[in-house]
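Results of the structural survey
Here's the letter readout for the chains.
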Amino acid sequence: MIDAYTSQVLTFIGINSILALSLYITALAGQLSVGHAAFMGIGAYTSALLMTRLGWPFFLTTACGALMGGVFGFCIGLPTLRLKDLYLAIATLAFNIIWVVMLMNIEAFGGALGIFNVPKVTNNWTVYISLGILLLFFHRMQDSRLGRAFRSIQEDEPAARAMGVNAVYYKVYAFTLGAFLAGYAGALYAHFVTFISPHDFEVDRSIEILLFVVLGGAQTFIGPVIGAVLLTLAPEVLRFLAEYRLLVYGLMFVVIMLLRHEGLIEEDTFSWKRWSRTFRREGRAGAP
Amino acid sequence: MKRGIILAICFLLSICLSGPNQGISSAADEILIGNVSCLTGTAAQYGISTYEGLEVAMEEINGAGGILGKKIHILKGDDSADPRQAVNVVQKFITKDKVLAIIGAELTGTTRVTAPISNAAQTVQFTASATGAGLTDNLPFVFRNALPEAYAIPFVVEAAKKKFKAESLVIITSYNLDYSVDLTKIYEKALAAAGIKVQDKISYAEGDIDFSAQVSKLKALKPEIVVMTGYYQESAQLMIEMRKQGINCPILGSNGFNDPKILELAGKAMEGSVWASGFFPNNPDPKVRRFVAKVQEKYKKKPNQFHAQAYDALMIISEGIKRAGVTESTPENRTKIRDALAKITNFPGVSGTHTFKPGKGDAEKSVFILILKDGKYALLD
Amino acid sequence: MLAQQLVNGLTLGSTYALVALGFTLVFGILGMINFAHGEIFMLGAYIALLLVTMGGFSIFWALIGGMVGAALLGMIIERVSFRPLRNVSILAPLISTIGLSIFLRSLAQIIFGAESTRFPVSIKTEFFQLGPFQISLLQIVILAISFGLMAIFQAFIKKTKIGKAMRATSESLYTAGLLGIPVDRIILLSFAVASALGGVAGILLGLNFNAISPLMGKMVGLKGLTIIILGGMGNITGAMVGGLFLGFVEVLSVGYLTSSYRDAVAFALMFLVLLIRPTGLFGRVVR
């Protein structure tokens, strides 16, 4: 079987993939959130507290974690509907920072010390089955009414509204669902690392999740997952870089934006048609 | 399009080809010890000092022929003070590198998450710097020679009471630093036991650069003594600002004061500060003098508590390996090493005489109460 | 204590104001946020530090040098993160500069070490008592420089030809181009000026607190962001007033409430403003 180290890395890859998808779904409806770590943290803290203080079973605590994430997502998503692009990004960033500061000050939840001795219940089965279900959902969603509604809002919100798409409903839906998934991932995380503190859910983590999606691309739902896989493996593989790791990390953002801002995975990356075109060198002459 | 593909391929290639497994052991003739600590990030100074201390010990041991004929090799593992990374590093040490023992982690938080993992894998984990409460409780494979704050602080309070005859004081806490929050509670308990009142508590955040507001508030309180519970950076800043605004009362510190960087930053502002340390650099003991000279020569700086305790940690572990008489990393062997360590008493280290009592992973050793006099470290009499 | 806190707030606020000015200038002209502005602030301080410790220059020349260095850095950032991404999307420069800020911060950590470095102070610590206010010579110098720069900047923007060109460009890039304004050059210049201001703020802060660290730009940068939203993005007066306002609010909240919520204050205010009046208290320059 696989050794403990590989198993551990796989678990982190799985959890990060779920996180990446949670950001992806909010982005689908045209909303960029730089505060997803807060929702993750809400899920983590809820489930950790329920289990360590009240002794609730795993499936219940994880469900509650996800639910809490969703609730907060709704509470933030609704009032910020009017905000676009940059303003929304900054608002979610602010929420993240405020949330962390508040949490630090609540002694009942551990404050700066955090919560430890959370039973380690998460394993690869839980993570990958969840991920599988999610991927299936996204796959089915692409061509469904939901998916098309999202895309239309992302492309041109005023036009979508004019066509009768209830933008408010879909945007709040996307935001809440994204926060819900982030909360779920947070719960899985808490029950895996066995120790959580507010520092785990600061803005840096939100930016990390953002990078999954930026690197992988937000064109398809596979993109963020690939981004998560690559970026979770990177610190392990690039361990020899040690002090230079963050340097490379930051540079990556810049380089990706310059060279391929849509991210690695495009809509037709996995289609046979597109690759055969390159090899045949027919069709689009002088394709860049 | 093409650029994107090239980019993707480069990235994937770099992932596949790069990252030589730093931990490939020339297993046969080397003893691998993993060091998990924060070599990057804000607490990096502590982690770097620890590694340097280990290096000095390692060179000394290898220079004398190694342990049982084999040389020691220390594997670096940077966790950047992040529990997630610490967990990965330790897991890698255990599973991939098959280390014989682990030294670390550097900080309380990272030690808390990694200790159970090492313990479950029957690998000794020895921290030379984490001072949080209960880190070694119920974990037979986990040891430490860093002075738990809960142990050291009562001595500081006692000394302060005698020297400064204070009746009340103000505690400054770094509210978002687990070490500081924990320490504040410990101080409060010790103060209550000594009958000293806590006049007020003021807080700041790690990373703050502006302390003028806090210090002005402090000034209005007219404190007899100020207690600082954070790391050296912010503590130094606070000291400077305090003296600037004319607050000249004595300062009580903590383990965070044990890096000379604080003296470098605070300069004269630190004069008269009192704190507990596991190491007294100006100790006339020849063993300590030799150690200080070695560190001075190799790194061009005076050793601090972290250098000393790390040095001792490796020395103690070597002793344990020697006594167990095994060098191959198997669960039985590692358990033998653990058993040997647990029986060590009166081990003469540069940071004091170490004794492990049965059932306790924390080494008993002397506490040095230091005071900064005329810009130099001195023992408080 | 109140008097002293007001002085503290004024000093802190003037630093914030300078940083905010940098943000608002870039936003006013391009409609984009330079997330790495906080790092320019930090690097400006380090450049000055190097000039003083290694070059042996006086603090005056270190200030000039720091400003120039920061300006150059800003121009490089413009070419790397803004010009090529201008037409890609609104968020691309944001993401690129987020990456740059991480890069610059780690670069500084590698070169200078992760912890604070002492900032050599060459101004004597003398105190003056003006009634209930106790203010140090250092603080007076800092305030003088900050307000002086703000005044010069105001004059520059309002009275000079280049300043007018900048304002025209911020109104409409396209129209300004049609009118013959060398838009690309103006944008580059704006970045230079914005970054120079940020760099000075960093040096002044280092002077004030005797220490600088590679991480000092992170929070300050984020707070600068909150200030321009409070004051109105692209609005110069808003940035200055907002900066001072935040300085006071933060200091007073530490002095009279509990200091562990300090950082949340700025962001909570900003969040509220975003919800109620997204264009900020002073409104923003029309594009």
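Residues numbered from 1 in each chain as written. Chains lettered and ligands numbered in written order. Predicted model: local features only at pLDDT ≥ 70, side-chain atom pairs only at ≥ 80, totals over all residues. Heavy atoms only, no water.

**Brief notes about helix α10 (residues 222-237) of chain A**
Helix length check: α10(A), at 16 residues, gives a terminal C-alpha distance of 22 Å against a target of 22 Å (1.5 Å per residue), a fit within 8%. All buried positions along α10(A) are accounted for by A:G223, A:P224, A:V225, A:G227, A:A228, A:L230, A:L231, A:T232, A:A234, A:E236 and A:V237. (Helix = DSSP H or I, 4+ residues; strand = E, 2+ residues; numbered from the N terminus. Expected span 1.5 Å × (residues − 1). Buried < 20%, exposed > 50% of the residue type's maximum accessible area, 1.4 Å probe, protein only.)

**Concerning the interface of chain C and chain B**
Between chain C and chain B, the contact holds 33 residues from the first and 30 residues from the second. Together chain C and chain B conceal approximately 2500 Å² of surface at their shared face, both sides included; 52% is due to carbon and sulfur atoms. When residues of chain C are sorted by the area they lose upon contact with chain B, C:E115, C:R118 and C:F209 head the list and together hold 23% of the total. Scanning the region where chain C abuts chain B turns up 1 salt bridge. Between C:R262 and B:D210 there is a salt bridge, with the nearest N and O atoms lying 2.9 Å from each other. Counting across the chain C and chain B interface gives 10 residue pairs in polar contact (both at pLDDT 80 or more). Listed by contribution, the elements that provide at least two residues to the side of chain C that touches chain B are α1 (2-30), β1 (117-118), α8 (183-209), α9 (216-231), α10 (236-256) and α11 (262-276) of chain C. For the side of chain C that touches chain B, the element with the highest residue contribution is α1(C), accounting for 4 residues. (Contact = heavy atoms within 4.5 Å. Buried area = accessible area lost by both parts, 1.4 Å probe. Salt bridge = Lys/Arg side-chain N within 4 Å of Asp/Glu carboxyl O. Polar contact = N/O pair within 3.5 Å; in protein donor to acceptor, adjacent residues only side chain to side chain.)

**Here's the deal with helix α10 (residues 286-299) of chain B**
Side chains three or four residues apart in an α-helix point the same way, a direct result of the helix having 3.6 residues per turn. Residue and element names in this part refer to chain B. Along its 14 residues, α10 runs 20 Å from first to last C-alpha, staying within 8% of the 20 Å computed at 1.5 Å per residue. Looking only at α10, the buried set comprises V288, F291, V292, V295 and Y299. Viewed end-on, α10 has its buried residues packed into an arc of 100 degrees, placing them on one side of the element. In α10, those exposed residues whose orientation departs by more than 90 degrees from the buried face are P286, R290 and E297. Each element contacted by the buried residues of α10 is listed here: α2 (44-63) and α11 (305-324). Between a side-chain oxygen at the N-terminus of α10 and the backbone nitrogen of K287 the separation is 2.9 Å; the capping residue is D285. After α10 finishes, the residue K300 shows a positive phi value of roughly 55 degrees. (Arc of directions from axis to C-beta.)

**With respect to the side chain of A:N16**
You can see A:N16 is positioned in helix α1 (residues 4-28). On the basis of relative accessible area, A:N16 is assigned to the buried category, the value being 5%. What A:N16 contacts, discounting residues up to four positions off in sequence, is A:F212, A:A228, A:T232 and B:R84.

**Regarding unusual backbone geometry**
Residue and element names in this part refer to chain B. The residue after G104, namely A105, is reached through a cis peptide bond having omega -5 degrees. Structurally, A105 is set in the loop between β3 (101-104) and α4 (108-120). One non-glycine residue, A81, lies in positive phi territory at about 65 degrees. Here A81 is to be found in the loop between β2 (71-78) and α3 (83-97). Accessibility expressed as a relative area gives 34% for A81, which makes it partly exposed. Positioned with a positive phi, K222 is a non-glycine residue whose angle comes to about 50 degrees. Within the secondary structure, K222 sits in the loop between α7 (212-221) and β8 (226-228).

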